[in-house]
Amino acid sequence: MEKTLSGLAAGFALVLAAAAPVSAAVEIERVVSPGGIEAWLVQDHRNPIIAMEFSFKGGAALDPADKAGLSTMTAALIDEGAGELDSQGFRGLMDENSIGLSFNAGRDEFSGSLRTLAETKDLAFNLARLALTSPRFDEEAVARIRSQIMVGLEREKESPDAIAGKALRTLFFDDHPYGRSSGGTVETVPAITVGDMRALVRERFSLDRLKIAVIGSVTPEELATLLDRTFGELPATSDLPVVPDVAVAGTGDVIVVDKNLPQSVVTFGHQGVKRSDPDYYAAYVVNYILGGGGMSSRLYEEVREKRGLAYSVYSYLNPLDHAALLVGGVATQNARVSESLEIIKAEWKRMAEEGPSAQDLADAKTFLTGSFPLRLSGSDRIAGMMLGMQIQGLGIDYLERRNSYIEAVTLEQAQRVAAELFKPEALTVVVVGRPENVTATRAAPDGSS
């Protein structure tokens, strides 16, 4: 299933759940500007670089059904000219000064990234301010970006991964906002107007929905001033509709979307565990053992190593704001899909019935508590981690506490959670291709093929 399903949430959960205590190397400070805008800061004056990650609560799930893709299109356009600068002028200033500014719309968050040298920080933060408060949405830029999005959507019609993800979303969520494509469709994107995008900027970018993380060569005093300059013009609050919580519809069906391909793409899943669930860490560890641990996972060993049925196979927890998934995937030759699915379902069932062994659990804990420092190889990852910690409400001292959560998972808890989490009878499977000896139990959702 496409990993953009979770927007930022799945990525943050993966990074945070793999975290080890790095508080000795990463000291996070809370900075509050004179205007009351808060950011988390890691000072790093070894290099003259500043990285900022920020997000507003509310992403593509807030888009109207007939304007699906509104958030994605807005994210692609708000840095295509702002204030008195047209697209060429805005982009020219960024290029000339080695400034990176980009925006992204996930399902639950609308996020931005800023990269700049310390010496050009005033210009960089001002460009971010202009993009957030006075994007132009000029006719040329809108037409160009809309055309690019439409080309991408046409390509997705032939992409097995995109087709599989769309079908599984529809099966899981039906007419809930999560069931829609965050990038829109060839029917909805042409209907998005400049007025729609201006309304999004006006209504969704507010201080009460804002989280900010900064790392680099900047002092708390300097950052406080920059925060007010950049975000101070935004409204204090916003009044937006609430996306309802939704239970994942797991029917255990097998759906085949017929495509003339030499290799089938398979995605599967069912209800998962939310990030706030007390059993989240146990579920994370157990899934790491089954399919989240790459070459060390049971699925990889059984499907790839022992039988050579596929190049890769995986599973992962995907906790969204209003739902929780456990999903996975595999791609293999049409003649080998049936056998691959049999093994995946057998391992799913074995984990539910037996859970992990004591050695499995010990090995998983060792990796998950020891690998994270290797992942903090750059300012981008540290800033993203800090932003995720804020979005998930984990607290500024999370890094000091995180390993204890993993270590606290007992074998008894892991086995109980495995029995509760893995439901082979509810595992819904979508196959895109022409798999041999695979019988569909229901028709593919409308628009899948």
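This is a predicted model, so every value here is computed, not measured.

## A few points about the domain arrangement of the chain
Once the domains are mapped, the chain shows domain 1 (29-232) and domain 2 (254-433). The gap between the C-alpha centroids of domain 1 and domain 2 is 29 Å. Taken together, the contact pairs 30 residues of domain 1 with 30 residues of domain 2. Both sides of the domain 1 and domain 2 interface together cover about 2,600 Å² of buried area, and 77% of this is carbon and sulfur.

## A short note on the packing of helix H9 (residues 280-292) against helix H11 (residues 337-354)
The geometry of H9 relative to H11 is characterised by a closest axis approach of 11 Å and an angle of 150° between their N-to-C directions. For the element pair H9 / H11, the angle class is roughly antiparallel. As H9 packs across H11, the resulting crossing turns out to be right-handed. From H9, Val286, Ile289 and Leu290 reach across to H11, where they touch Glu347, Trp348 and Met351.

## A look at the side chain of arginine 298
Residue placement: arginine 298 occurs in helix H10 (residues 298-305). Side chain to side chain, arginine 298 and aspartate 360 meet in a polar contact 2.8 Å long. Setting aside anything within four residues of it in sequence, one finds arginine 298 in contact with Ile289, Leu290, Glu347, Arg350, Met351, Gly355, Pro356, Ser357 and Asp360.

## A look at unusual backbone geometry
Only a minority of non-glycine residues have a phi that is not negative, and only a minority of peptide bonds are not trans. Even without a glycine there, the phi angle at serine 98 is positive, about 55°. Residue phenylalanine 137 is not a glycine yet carries a positive backbone phi of 55°. Turning to its location among the elements, phenylalanine 137 is positioned in the loop between helix H4 (121-133) and helix H5 (139-156).

## Examining the UniProt feature "domain: Peptidase M16 C-terminal" (unreviewed entry) in the chain
UniProt's feature table lists "domain: Peptidase M16 C-terminal" (unreviewed entry) at residues 192-366, given in the numbering used throughout. Between the end C-alpha atoms of residues 192-366 there is a gap of 50 Å, over a span that is 41% helix and 22% strand.

## Let's talk about the sheet that holds strand E9 (residues 313-319)
Spatial strand order, E7-E11-E8-E10-E9: 5 strands in an open sheet with mixed pairing. Looking along the sheet, the strands with just one partner apiece sit at the ends: strand E7 (254-258) and E9. Pairs of neighbouring strands in the sheet enclose a mean axial angle of 15°, with direction left out of account. Pairing geometry for E9 and strand E10 (residues 324-333), over 7 bridges, is antiparallel. Its bridge partner lying in E10, proline 319 is registered against alanine 324. Contacting E7, strand E8 (263-271), E10 and strand E11 (428-433), helix H6 (residues 160-173) runs over the sheet at an angle of about 150° to E11.

## Quick notes on the nonpolar core
Ile28, Val266, Phe268, Ile344, Trp348 and Phe422 are the most contacted members of the largest nonpolar core, which totals 60 residues. Considering each element in turn, this core owes the most residues, 10 residues, to H9. The residue makeup of this core includes at least three contributed by each of domain 1 (29-232) and domain 2 (254-433). The residues contacting tryptophan 348, other than those within four sequence positions of it, are Phe268, His270, Leu290, Ser315, Leu326, Phe422, Lys423, Pro424 and Leu427.

## Considering the sheet that holds strand E2 (residues 38-43)
With mixed pairing, 6 strands are arranged side by side in an open sheet as E1-E2-E6-E3-E5-E4. Two strands in the sheet have a free side with no partner beyond their single neighbour: strand E1 (29-32) and strand E4 (100-105). Neighbour-to-neighbour, the strand axes of this sheet turn through a mean angle of 20°, independent of strand direction. Across 6 bridges, the pairing between E4 and strand E5 (residues 109-117) is antiparallel. Across the sheet, the residue bridging to asparagine 104 is serine 111, located in E5. Along the sheet face, helix H14 (residues 379-391) touches E2, strand E3 (49-57), E5 and strand E6 (210-216) and points at about 150° away from the line of E6.

## A closer look at empty space enclosed by the protein
By the definition in use, this model includes 1 cavity of 30 Å³ or more. The space that makes up the largest cavity amounts to roughly 50 Å³. Classifying every residue of the lining of the largest cavity by side-chain character gives 3 nonpolar, 3 polar and 3 charged.

## Quick look at the pattern of salt bridges
Under the defined criterion, the tally for this structure stands at 28 salt bridges. Between glutamate 353 and lysine 349 there is a salt bridge, with its nearest N and O atoms 3.9 Å apart. Residue glutamate 353 and its partner lysine 349 are located together in helix H11, separated by 4 residues, close to a single helical turn. Overall, the relative accessible area of 57% leaves glutamate 353 in the exposed class. Across the pair arginine 350 and glutamate 354 runs a salt bridge, and its minimum N-O distance is 4.0 Å.

## Concerning the packing of aromatic side chains
Tallied over the full model, the rule gives 16 aromatic pairs. Taking the centre distance of 6.4 Å and the plane angle of 85° together, the rings of phenylalanine 54 and phenylalanine 56 count as edge-to-face. Of the two residues examined, phenylalanine 54 and phenylalanine 56, each falls in the buried class. When the ring of tyrosine 288 is compared with that of phenylalanine 367, the centres are 5.4 Å apart and the planes differ by 20°; the resulting orientation is stacked. Here tyrosine 288, found in helix H9, pairs with phenylalanine 367, found in helix H12 (residues 358-370); they are 79 residues apart in sequence, far enough to count as distant. One aromatic cluster is present, built from ring pairs that chain together Phe54, Phe56, Phe103, Phe110, Phe205 and Phe231.

The rules behind the values
- Residues numbered from 1 in each chain as written.
- Predicted model: local features only at pLDDT ≥ 70, side-chain atom pairs only at ≥ 80, totals over all residues.
- Heavy atoms only, no water.
- Domains from an automatic or database assignment.
- Contact = heavy atoms within 4.5 Å.
- Buried area = accessible area lost by both parts, 1.4 Å probe.
- Axes fitted to C-alpha atoms, helices over the stretch in contact; angles between N-to-C directions.
- Helix = DSSP H or I, 4+ residues; strand = E, 2+ residues; numbered from the N terminus.
- Parallel < 35°, antiparallel > 145°, perpendicular 65-115°, else oblique.
- Left-handed = near helix turned anticlockwise from the far one by under 90°.
- Polar contact = N/O pair within 3.5 Å; in protein donor to acceptor, adjacent residues only side chain to side chain.
- UniProt positions renumbered as here; feature names shortened; annotations may be inferred.
- Pairing = 2+ DSSP bridges.
- Core = buried A, V, L, I, M, F, W, Y, C linked by side-chain atoms within 4.5 Å.
- Buried < 20%, exposed > 50% of the residue type's maximum accessible area, 1.4 Å probe, protein only.
- 1 Å grid on protein atoms, 1.4 Å probe; cavity = no way out; pocket = protein on both sides within 12 Å on 5 of 7 lines; lining within 4 Å.
- Points joined across faces, edges and corners; volume = space filled by probe spheres on them.
- Nonpolar A, V, L, I, M, F, W, Y, C, P; charged D, E, K, R; others polar.
- Salt bridge = Lys/Arg side-chain N within 4 Å of Asp/Glu carboxyl O.
- Phe/Tyr/Trp six-rings, centres within 6.5 Å; stacked < 30°, edge-to-face > 60°.

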